[in-house]
Amino acid sequence: MAYNKNFRGGISIATGDINNDGKAEIITGAGPGGGPQVRIFNDKGKVLGQFMAYNKNFRGGISIATGDINNDGKAEIITGAGPGGGPHIRIFSSKGKIINAFFAYKQDFIKGVNVIACY
């Protein structure tokens with residue numbers, strides 16, 4: 001289970017080699033109703049890391065993608081805030097450190113954003 005067995009809000013999933021070990025990790029983001037938690041798993045389902053992408057009280061869900069944004073050879077984690085959170089995009093390292101952040105639209109847009117990356 002990516003999150004608590006009682007959580008029914010769904011998840012967003014992406015894969016990418018975010019720790020540069022030659023294997024893709026599984027990255028999840030909690031859906032609506034859950035906190036903005038990102039969890040990172042190996043291919044066996046072991047949790048490798050986790051962090052909050054936005055304010056811990058936000059419950060709109062998050063969209064997840066991965067891609068080598070800064071051309072360092074490993075994928076970064078990209079998040080988009082769901083409905084109620086505005087068009088806030090954040091890019092994180094594998095350890096949950098913010099690398100960059102921006103708003104995809106005017107900040108008063110509160111319908112959420114989905115993210116996708118190709119590499």
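Read on for a plain summary of the structure. (Residues numbered from 1 in each chain as written. Predicted model: local features only at pLDDT ≥ 70, side-chain atom pairs only at ≥ 80, totals over all residues. Heavy atoms only, no water.)

Let us look at the overall build of the protein chain. Within the protein chain, the regular secondary structure consists of 0 helices and 8 strands. When the helices and strands of the protein chain are read in sequence order from the N terminus, they spell out β-β-β-β-β-β-β-β. Relative to the globule expectation of 14 Å for 119 residues, the C-alpha radius of gyration of the protein chain, 13 Å, shows essentially globular dimensions. Summarising its shape, the C-alpha atoms of the protein chain cover approximately 40 × 35 × 20 Å along the three principal directions. Taken across its 119 residues, the protein chain has 45% of its residues classed as buried. Summarising the internal contacts of the protein chain: among those between residues at least 6 apart in sequence, 41% fall at separations of at least 24. Surface exposure of the protein chain reaches about 6,800 Å², of which carbon and sulfur atoms provide 51%. Positive and negative side-chain charges in the protein chain, numbering 14 and 8 respectively, have mean positions lying 12 Å apart. (Helix = DSSP H or I, 4+ residues; strand = E, 2+ residues; numbered from the N terminus. Rg over C-alpha atoms; globule rule 2.2 N^0.38 Å. Buried < 20%, exposed > 50% of the residue type's maximum accessible area, 1.4 Å probe, protein only. Contact = heavy atoms within 4.5 Å. Areas by Shrake-Rupley, 256 points an atom, 1.4 Å probe, with all protein chains shown as cover. Lys, Arg positive; Asp, Glu negative; His and termini not counted. Charge placed at Lys NZ, Arg CZ, Asp CG, Glu CD.)

Looking now at the packing of aromatic side chains. The geometry of an aromatic ring pair comes down to the distance between the two centres and the angle between the two planes. Under the criterion given, the structure shown has 4 aromatic pairs. Considering the side-chain rings of tyrosine 3 and phenylalanine 7, the 6.2 Å spacing of their centres and the 70° angle between planes classify their relative orientation as edge-to-face. Overall, the relative accessible area of 10% leaves tyrosine 3 in the buried class. For phenylalanine 7, a relative accessible area of 22% puts it in the partly exposed group. The interplanar angle of 70° and the centroid separation of 6.4 Å between the aromatic rings of tyrosine 54 and phenylalanine 58 together place this pair among those described as edge-to-face. The exposure class of tyrosine 54 is buried, given its relative accessible area of 9%. Residue classification places phenylalanine 58 among the buried positions, given a relative accessible area of 15%. It is arginine 39 that lies over the ring of tyrosine 3; its NZ or CZ is 6.0 Å from the centre. (Phe/Tyr/Trp six-rings, centres within 6.5 Å; stacked < 30°, edge-to-face > 60°. Lys NZ or Arg CZ within 6 Å of the ring centre and 35° of its normal.)

Moving on, we come to the pairing of strand E5 (residues 62-67). Taken across its 6 residues, E5 has 6 buried, putting it largely inside the fold. Residues of E5 alternate between two faces, with Ile62, Ile64 and Thr66 on one and Ser63, Ala65 and Gly67 on the opposite face, all of them buried. Note: E5 against strand E6 (residues 76-81), 6 bridges, orientation antiparallel. Bridge pairing in E6 places isoleucine 64 opposite threonine 79. (Pairing = 2+ DSSP bridges.)

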